[in-house]
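Coordinates in review
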Amino acid sequence: MNIQERIEALETEFAEKIEALKVEAQQEEEFPQYGDEYWYISLSGSILCEDWVGVPSEKRVLEVGNVYKTKEEAEFAAEKLRVEAELRKLGKHFENGKSNIEFYYDHEFDGIMFNSMKSSQTQGAIYFESEEKAQQAIESVGKERIKKYLFGVED
């Protein structure tokens, strides 16, 4: 096979793979469709499964991001909500001009680090009065749970 034939073969192969990915992306965008099985987190925190029929109540659940393709995705989301709720109970509201300690995961150093924010507020952050209070919250909630459910890091 000469170079031109190899190029044409690769172009055909990649065109087919690109088309398959486009179809997959379109199906993903269209989830859920009538009859699709989906999972959601109930008011009590239970993980429930239903078949999508597109009624208004289902559409509202979808609008707030509480529709999952798998039970595992819904379980992960529910545990993430629990971790965030536990941290919020131990945290405080942002106070402009005062010390607001937040934490983040540094992948390079493989650890949880702290920032003090006085006038800038980070979307989604949970703040603490001091680094010590933040560390106590991490220990109370569980460092591994925080790494897994808030930062997507598993050892």
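See the structure above.
Since the model is a prediction, treat every value here as computed from it, not as a measurement. Along each chain, residue indices are assigned from 1 in the same order as the chain's sequence is written. Where totals are concerned, whole chains, interfaces and linings use all residues; where local detail is concerned, this predicted model gives features only for residues with pLDDT of at least 70, and gives and counts side-chain atom pairs only at 80 or more. In computing side-chain properties, one takes all heavy atoms of the structure into account and sets aside hydrogens as well as water.

1. Re the overall build of the protein chain
In DSSP terms, a helix is any run of H or I states spanning at least four residues, a strand is any run of E spanning at least two, and both are numbered starting from the N terminus. For the protein chain, the count of helices and strands is five helices and four strands. Moving toward the C terminus, one meets the helices and strands of the protein chain in the order α-β-β-α-α-β-β-α-α. Taken against the 2.2 N^0.38 rule, which gives 15 Å for 155 residues, the C-alpha radius of gyration of the protein chain at 22 Å runs more than 25% over that of a compact globule. Each of the three principal axes of the protein chain carries a C-alpha extent, and together these read 65 × 50 × 30 Å. In the protein chain, once contacts between residues fewer than 6 apart in sequence are set aside, the share between residues at least 24 apart is 52%. As displayed, the protein chain offers around 11,000 Å² of accessible surface, 49% of which is attributable to carbon and sulfur atoms. Within the protein chain, one finds 19 positive and 34 negative side-chain charges whose respective centroids are separated by 8 Å. Taken over C-alpha atoms, the radius of gyration is set against a globule rule of 2.2 Å times the number of residues to the power 0.38. Only heavy atoms matter for contacts: two residues are in contact if any of them lie within 4.5 Å across the pair. We get accessible surface area from the Shrake-Rupley algorithm with a probe of 1.4 Å; when it comes to residues, only the shown protein chains can shield them. Just so you know, the count uses Lys and Arg for positive and Asp and Glu for negative, and it drops His and the chain ends. Lys charges are placed at NZ, Arg charges at CZ, Asp charges at CG and Glu charges at CD.

2. Some details on the packing of helix α3 (residues 71–90) against helix α5 (residues 143–151)
For every element, the axis is a line fit to its C-alpha atoms; helices are fit only across the contacting stretch, and the angle between N-to-C directions ranges from 0 to 180 degrees. For the pair α3 and α5, interaxial distance at closest approach is 9 Å and the crossing angle is 120 degrees. Overall, the two elements α3 and α5 adopt an arrangement that is oblique. Crossing hand, α3 versus α5: left-handed. For the pair α3 and α5, the contacting residues are F76, E79, K80, R82, V83, E84, E86 and L87 in the first and R145, I146, K148, Y149 and L150 in the second. Any angle from 65 to 115 degrees is called roughly perpendicular, while one under 35 is roughly parallel, one over 145 is roughly antiparallel, and all others are oblique. Each helix crossing is assigned a hand: it is left-handed if the near helix lies turned anticlockwise from the far helix by less than a right angle, otherwise right-handed if that turn is clockwise.

3. What about helix α4 (residues 131–141)?
Here the term buried applies to any residue with accessible area under 20% of the maximum for its type, exposed to any over 50%, and partly exposed to those in between, with areas from a 1.4 Å probe on protein chains only. Buried residues of α4: A134, A137, I138 and V141, and no others. End-on, the buried residues of α4 take up no more than an arc of 100 degrees, which puts them together on one face. α4 presents E132, Q136, E139 and S140 as exposed residues on the side facing more than 90 degrees away from its buried surface. Contact partners of the buried residues in α4: α3, β3 (100–106), β4 (111–117) and α5. Taken from the helix axis, the directions to the C-beta atoms give the arc we talk about.

4. Some words on the environment of I112
Looking at the element boundaries, I112 is found in strand β4. Here I112 falls in the buried class, since its relative accessible area comes to 13%. With sequence-adjacent residues up to four places away left out, I112 is seen in contact with F103, Y104, Y105, I138, K143, I146 and K147.

5. Notes on the packing of aromatic side chains
Side-chain rings of Phe, Tyr and Trp (the six-membered ring for Trp) are treated as a pair once their centres are within 6.5 Å; stacked means planes under 30 degrees apart, edge-to-face means over 60, and tilted covers the remaining angles. Inspection of every chain in the model, using the stated rule, returns seven aromatic pairs. Summarising the aromatic geometry, the rings of F103 and F128 are spaced 6.0 Å apart at their centres and angled 20 degrees between planes, so their arrangement reads as stacked. Placement of F103 in strand β3 and of F128 in the loop between β4 and α4 is noted, with a sequence separation of 25 residues between them. Owing to a relative accessible area of 13%, F103 belongs among the buried residues under this scheme. Centre to centre, the rings of F103 and F151 are 6.4 Å apart; their planes meet at 65 degrees, and the pair counts as edge-to-face. Taken together, the positions of F103 in strand β3 and F151 in helix α5 put the pair 48 residues apart, joining distant regions of the chain. For F151, a relative accessible area of 26% puts it in the partly exposed group. Pairwise contacts between aromatic rings join F103, Y105, F128 and F151 into one cluster. Counted as over-ring charges are cases with an Arg CZ or a Lys NZ within 6 Å of the ring centre that also lie within 35 degrees of the ring normal. In this structure, K69 is placed above the aromatic ring of F31, and the distance from its NZ or CZ to the ring centre is 5.3 Å.

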